[in-house]
Protein chains: 2
Amino acid sequence: MVLERVKQLASHLTGHSGPPHPFDPLTEKEIEKAVAIVNSEHQGLFYNTVTLWEPRKVEMMAWLADPDHNVRPHRVADVVAIGRGSKVYDGLVDLEEEKIVRWELTEGVQPLITMEDLQIVETVVRKDPGVIEQCRLIGIPPGDMHKVYCDPWTIGYDERFGSKVRLQQALMYYRPHVDDSQYTYPLDFCPIFNADTQEIVHIDVPKVRRPLNQAPPTNYHAEAIKANGGYRTDLKPINITQPEGVSFTVEGRILKWQNWSVHVGFNHREGIVLSNITYNDKGNVRPVFYRISLAEMVVPYGNPEHPHQRKHAFDLGEYGGGYMTNSLALGCDCKGAIHYMDAAFVNRAGESQIIKNAICVHEEDAGILFKHTDFRDDSCTVTRARKLVVSHVFTAANYEYCVYWILHQDGTIQLEVKLTGILNTYSLNPGESAGPWGTEVYPGVNAHNHQHLFCLRLDPNIDGSANTVFVADAAASDAPLGSAENKYGNAFYAKKTKLETQAGSVSDYDGSTSRTWDMANTNKMNVYSHKPVSYKLVSREVPSLLPKEGSLVWKRAGFARHAVHVTKYNDDQIHPAGRHVPQTSGDPSQGLPAWIAADPDANIDNTDIVLWHTFGLTHFPAPEDYPVMPAEPMIVLLRPRNFFTQNPAMDVPPSYSSTPSQVAAGKRGLSGVIDGMSRLAFGGGREKGGSLDQEV
Amino acid sequence: MVLERVKQLASHLTGHSGPPHPFDPLTEKEIEKAVAIVNSEHQGLFYNTVTLWEPRKVEMMAWLADPDHNVRPHRVADVVAIGRGSKVYDGLVDLEEEKIVRWELTEGVQPLITMEDLQIVETVVRKDPGVIEQCRLIGIPPGDMHKVYCDPWTIGYDERFGSKVRLQQALMYYRPHVDDSQYTYPLDFCPIFNADTQEIVHIDVPKVRRPLNQAPPTNYHAEAIKANGGYRTDLKPINITQPEGVSFTVEGRILKWQNWSVHVGFNHREGIVLSNITYNDKGNVRPVFYRISLAEMVVPYGNPEHPHQRKHAFDLGEYGGGYMTNSLALGCDCKGAIHYMDAAFVNRAGESQIIKNAICVHEEDAGILFKHTDFRDDSCTVTRARKLVVSHVFTAANYEYCVYWILHQDGTIQLEVKLTGILNTYSLNPGESAGPWGTEVYPGVNAHNHQHLFCLRLDPNIDGSANTVFVADAAASDAPLGSAENKYGNAFYAKKTKLETQAGSVSDYDGSTSRTWDMANTNKMNVYSHKPVSYKLVSREVPSLLPKEGSLVWKRAGFARHAVHVTKYNDDQIHPAGRHVPQTSGDPSQGLPAWIAADPDANIDNTDIVLWHTFGLTHFPAPEDYPVMPAEPMIVLLRPRNFFTQNPAMDVPPSYSSTPSQVAAGKRGLSGVIDGMSRLAFGGGREKGGSLDQEV
């Protein structure tokens, strides 16, 4: 009977009837069912996570191959709960057998900090006598404590406190008025909060004190702009409409568009997860990736003064990109014809909660897809591109990450991340220099240097799960200039180096060779090029990890030491900095370094593998990033190479196409297939081209 | 009287009355006037180039500073003409004084190859007995010579023929049917054409012969797609409209948009030239760049077999990105509300000719400009971005380059280049391997490895012409982990290295330090950050030049040896591979290496400078690039850093903005300013957000 209700709710959430797809996130009812089953055996818990325990790959691959006959993987909930005394329990609940199949007290770890965990701290801080005293010392009277705010972060790791007590550090701010940006008024001290006892257990106070900033507020909200000259009035609307509807379909959470099929999952931690990505190549449905996601990230700050070394947030592993996801609004975050998907999570009390419009799915025009003109006769084909964007936006305290997973018609998969929001700031005395570890972005406001390093988890399935990774470097021929093999010195080629073992897979970026990594199926050759079918990882924003070898960040964020690691597939290896990240010391390093060290010689050639790619950027702030930062985009491409036997998008209807014989005969070609709405900017008319009749 | 006609025509072309702006390209009448003046003194010439001789910078800066009182620079035509015997004349004609002010016979050079020069060769080739014999040897009967085609290239440089005779090499192809892509049928030999005598003077024949490809045609034009399964039918239209008009204005060729002002020039060689770029910073019109353009490019191919070393086209210097520019069509190349500009050039006979719609100007929505949500209360501001795109597309024989100059609201200038068109191909025998220097992209079709290396010429004017370039590298602190200065090892900073002399400016890209180059005005500090106002060159696709040191390409394309060169400004230094590029030997190297060698110690610190940036990509072809290549984009950014005192786009009307106090009071914030047209993909409804009243 419970199962019946689960099915009904799943139907409501996914827009189709029948049981949830095995990759579907847990529904509200499934979450509540899992909690009910746990509560029936264990009391006094508050809930940290109730999320889908994804099907084991071998079962899932079998089911995907023949869903009508093979066993459907059970729905299983992955539960993290916290009891009194910071006791952490990891459990699995089989929702179909309605029982707990694993329940463990896990010592010495701290699960991620939820939004509810965060919300509590500010209230405690405002009432703490020590905090009130510190505020007074820097110029905030006790009567103004309602103007004091904090962004509670996990403590990261602090050797004085270790991992056994659940802690947060409170980055302190002040607002002259409730609508003022607090980031202009950072306070110079840092209270430490015990989440178990809900009290302040320590306050880090710097040697040099920095009284409250006396600069006037600087704000970007509408009231502030209107009071300061108003909005510019010279921006005319651009309307984007799809009067005949969208070109994609959604069945449950399976999205189909332009030969692509992909299951759109979502969890509290990684946010969007794309699974079972296939491409219909002229009727042949070819697997491309089993699963891709942003699996982790770390944001180390570059100021060496205590306690800023603790500022290196793992925004996914310590807070959760899903938990922090925005509810999106039509015409604001996304424009055009939009399909939204909601996200269901557990709360502290064990109830399910919904973030409405957590995921946005929409199409965009993408400019010229291909074009060629014959210079002899002006015969020409020009075809416009379309892209499909699956996106979410999450807010990590001061900062915003906009994550766009993009499918292209040419077979490319693109990840774009836009960074926006507000810089993390610290106080600066008048006349004090912010350099070299930061920038004074506004009087009295020091924005520290930082890096954003993301870890992309790629589980390739290039025409099957037996895959191999090659490092590809653009290289000049070894033969010297003037030699018989290279008389004119112009010979160059793509040097491919096969990665054969886990330890041997660790590789860095090389901009000088335009290094890429090929995920290939060496069992299947392209019939034309005789090269293995592959997808190429093309990524150009790949900074080195700047915290030094042996440093706290280096130890905790082992994944970020190198651009690429490759591991043999293991169902339990999803989180490259470990399953529970807060308060890990990095002694020993969790996640990727541990997995590789455990089996350095594990074969990764022609087997089921996972490629982990760290990319990102180093941000040296400037005043133009303040008080709100214009979005800075970054992209990673997964490009088919030797995968198709020809350009797979040639059957996209062109805007215009004529042949030499049509030109010679004075006939017009095929035109106006896509767009008849474009107009001249001035004078209002149309030109020849778009106004011609459609011939398709 | 002649001048009167010039003014009338200028008015027709530029859409305003009055004399042309000194940066305006020559009008049709100005071209014809220049030719008339030359013809009155010199006969028997055919014309290669009649283009604007740009005003000397010192005169132009003075005029720009006070156009009402200072002397307006004269309109001067830069003329290149060719006489019998491959004699080359370089001349200047002052159109206001109506006289030739310079006329020189230039020995040992060859000016670029025009489209008319190219068109002649195919006819000659088809009738040449030697070519007919070579065709017969590889399987094309003499009766089928009308099916033989060629892409005539400059010869580049061939030591057997030198520079004195004007030569082209004919890359040979065959079409079974006039509408078939010839690139599937490359012929294995290469005739050499003398442009003076208009005859074939030599044929390069390979040792190993490769008979005509027997594979069936592969085409992408409409007739071929319709015959091969037809077009996909699941793509619904996306309409992009601006019912209230565009947000930019055009006066003559001065484009104003969102605080930007820029003069849009165009010439036969560089294509689009953007001059006198300024940003209106709250009423203060601040100069940013005096002039930016794509100044040169080279496309070296990596197959060492003779005569493929000659395949390294300088598409701008040897053919002209303006001369090869497409006439654009509404709704095809650009979508929305479009403003076009035409381009006027001289032809061989000295008449003026127009390419209609050579330049496209239009706006595009650009996603989220900035966003922040307060996690405490969900107060939120989200603002969408707009960009302005000035673009042209040029066809270099088989290949297309789509060039987009993009202005952003946050002060960023972006260059995007999309590569599309058709791969250059060579023949391959059955069973022969294309590797490692190429890829068999279709049976019998060998697409050679190649690089596209572009040279971006940046003439900064960052709050004045006295500028300085710094190399900026992300660097860990020198202080060791555990030291007092860097106890936790997390310290890092932007290491800046000032470039002081021309020779000392030569620098390479370093991906591991995310290297950028700052163009700064060290005389003006940002009042908040105390750092010099600057624009940062951010470029991530910067491959090494793969032809070896001392090779033909290395010698001829000196600019491509390094990512950045900086020179002291010189009016005559526009073309980094030299003024006349075809048939240069590279002994000595022209352009950048020569200028720097002539004055290696020239000061470039705090003076008028030019930064030359080489970027691009290395292309190892794959079957998905054939028979027409999906567009591959590349971008370069010029970003304001410490230039503004705050985010300059905060007054862009938001999509939504609410303050904490509005949220607390249950009031809705400012919303729906920009877009009320977005809709849900399924069900047709709207959600809250976009449907709220506009309050601005």
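See the structure shown above.
Just so it is clear, the structure is predicted and the values come from calculations on it, not from any experiment.

K.L.:
Got a minute to help me understand the relation of the copies chain A and chain B in this structure?
P.N.:
Comparison of the two chain copies shows a relationship of rotation about an axis with a shift along it. Least-squares fitting of chain A to chain B yields an RMSD of 0.0 Å, with the superposition described by an axial translation of 0.0 Å and a rotation of 180°. Expressed as a symmetry operation, the mapping of one chain copy onto the other fits a two-fold axis. Mapped onto chain B, 100% of the interface residues of chain A are again interface residues, and the two copies thus contact each other with one and the same surface.

K.L.:
Would you mind going over the interface of chain A and chain B with me for this structure?
P.N.:
By a widespread convention, an interface's size corresponds to the accessible area lost as its parts come together. In this complex, chain A contributes 196 residues to the contact, which on the side of chain B involves 196 residues. The contact between chain A and chain B buries some 16300 Å² in all, and 56% of this surface belongs to carbon and sulfur atoms. Counting across the chain A and chain B interface gives 16 salt bridges. Notably, a salt bridge pairs R175 of chain A with D374 of chain B, separated by 2.6 Å at the nearest N-O pair. Joining chain A to chain B, the criterion identifies 103 residue pairs in polar contact (both at pLDDT 80 or more). Here the element with the most residues in the side of chain A that touches chain B is strand 17 (residues 352-373) of chain A; it accounts for twelve residues. In the side of chain A that touches chain B, the residues fall into 92 nonpolar, 63 polar and 41 charged. The pairing of strand 9 (residues 239-241) of chain A with strand 9 (residues 239-241) of chain B spans three bridges and is antiparallel.

K.L.:
Mind showing me how you'd approach helix 3 (residues 57-65) of chain A here?
P.N.:
Residue and element names in this part refer to chain A. Taken residue by residue, helix 3 has K57, M60 and W63 as its buried positions. Burial along helix 3 is one-sided: seen end-on, the buried residues are contained in an arc of 130°. Facing away from the buried surface of helix 3 by more than 90 degrees, the exposed residues are V58 and A65. In the core, the buried residues of helix 3 are packed alongside strand 14 (284-300) and strand 24 (450-460).

K.L.:
Even after reading the chapter, I still don't get the environment of W517 of chain B, so can you show me in this structure?
P.N.:
Residue and element names in this part refer to chain B. With respect to the helices and strands, W517 occurs in strand 27 (residues 516-525). Taking the relative accessible area as the measure of exposure, W517 reaches 0% and is therefore buried. Along the sequence, W517 and V564 sit 47 residues apart, while their C-alpha atoms lie 8.6 Å from each other. Here S507 takes part through its side chain, which lies 3.1 Å from a polar atom of the side chain of W517.

K.L.:
I keep staring at the packing of aromatic side chains and nothing clicks. Help me out?
P.N.:
In this description, a pair of aromatic rings is defined by centroid distance and the angle of the planes. Residues and elements named next belong to chain A. Scanning the model with the defined rule gives 44 aromatic pairs over all chains in all. Measuring from centroid to centroid gives 5.2 Å for W260 and Y279, while their planes differ by 90°, and the two rings are edge-to-face. A residue pair is termed long-range when its members are at least 10 positions apart, and W260 in strand 12 (residues 260-267) and Y279 in strand 13 (residues 271-281) qualify at 19 residues. Here W260 and Y279 have matching classes, each one buried.

K.L.:
What is the right way to read the sheet that holds strand 7 (residues 190-194) of chain A from this model?
P.N.:
Neighbouring strands of a sheet are bound in pairs by backbone hydrogen bonds; such pairs are parallel or else antiparallel. Residue and element names in this part refer to chain A. In space, the four strands of this open sheet follow the order 5-6-7-8, with antiparallel pairing throughout. Looking at which strands have only one partner, the edges of the open sheet turn out to be strand 5 (148-154) and strand 8 (199-204). The average undirected angle you get between the axes of adjacent strands in this sheet is 35°. The pairing of strand 6 (residues 167-174) with strand 7 spans three bridges and is antiparallel.

K.L.:
Please explain the pattern of salt bridges as it appears in this structure.
P.N.:
Pairs can form between side chains of opposite charge whenever their charged atoms are close. Counted by the stated rule, this structure contains 91 salt bridges over all chains. Here R386 of chain A ties to E363 of chain A by a salt bridge, and the two come within 2.9 Å at their closest N and O atoms. Here the residue R386 of chain A occupies a position in strand 18 (residues 380-396), and E363 of chain A occupies one in strand 17, the gap between them amounting to 23 residues. R386 of chain A sits in the buried class, given a relative accessible area of 4%. Given the relative accessible area of 3%, E363 of chain A is considered buried. Residue R136 of chain B pairs with E133 of chain B through a salt bridge whose shortest N-O separation is 2.8 Å. Highlighted residues: R136 of chain B and E133 of chain B, both in helix 5 (residues 129-137), separated by three residues, approximately one helical turn. Accessibility expressed as a relative area gives 44% for R136 of chain B, which makes it partly exposed.

K.L.:
What's the story with the pairing of strand 25 (residues 468-476) of chain A in this structure? I'm lost.
P.N.:
Along any regular strand the residues' side chains alternate between the sheet's two faces. Residues and elements named next belong to chain A. Burial runs high along strand 25: eight of the nine residues are buried. Sheet topology note: the strand 25/strand 27 (residues 516-525) ladder contains five bridges and is antiparallel. Looking at the pairing, V469 lines up with M519 of strand 27. The pairing of strand 25 with strand 26 (residues 492-498) spans seven bridges and is classified as antiparallel. The residue of strand 26 that forms the bridge with A475 is Y493.

K.L.:
Is there a simple way to explain the sheet that holds strand 21 (residues 425-427) of chain B in this structure?
P.N.:
Residue and element names in this part refer to chain B. Spatial ordering of the open sheet is given by 21-23-22, a layout of three strands whose pairing is antiparallel. Of all the strands in the sheet, the pair left with one neighbour each is strand 21 and strand 22 (438-442). In this sheet, adjacent strand axes meet at a mean angle of 45° when their direction is disregarded. Inspection of the sheet shows strand 21 paired to strand 23 (residues 445-448) by three bridges, in the antiparallel sense. Counterpart to Y426 in the pairing with strand 23 is N446.

Rules and cut-offs
Residues numbered from 1 in each chain as written. Chains lettered and ligands numbered in written order. Predicted model: local features only at pLDDT ≥ 70, side-chain atom pairs only at ≥ 80, totals over all residues. Heavy atoms only, no water. Least-squares fit on C-alpha atoms with pLDDT ≥ 70 in both. Contact = heavy atoms within 4.5 Å. Buried area = accessible area lost by both parts, 1.4 Å probe. Salt bridge = Lys/Arg side-chain N within 4 Å of Asp/Glu carboxyl O. Polar contact = N/O pair within 3.5 Å; in protein donor to acceptor, adjacent residues only side chain to side chain. Helix = DSSP H or I, 4+ residues; strand = E, 2+ residues; numbered from the N terminus. Nonpolar A, V, L, I, M, F, W, Y, C, P; charged D, E, K, R; others polar. Pairing = 2+ DSSP bridges. Buried < 20%, exposed > 50% of the residue type's maximum accessible area, 1.4 Å probe, protein only. Arc of directions from axis to C-beta. Phe/Tyr/Trp six-rings, centres within 6.5 Å; stacked < 30°, edge-to-face > 60°. Axes fitted to C-alpha atoms, helices over the stretch in contact; angles between N-to-C directions.

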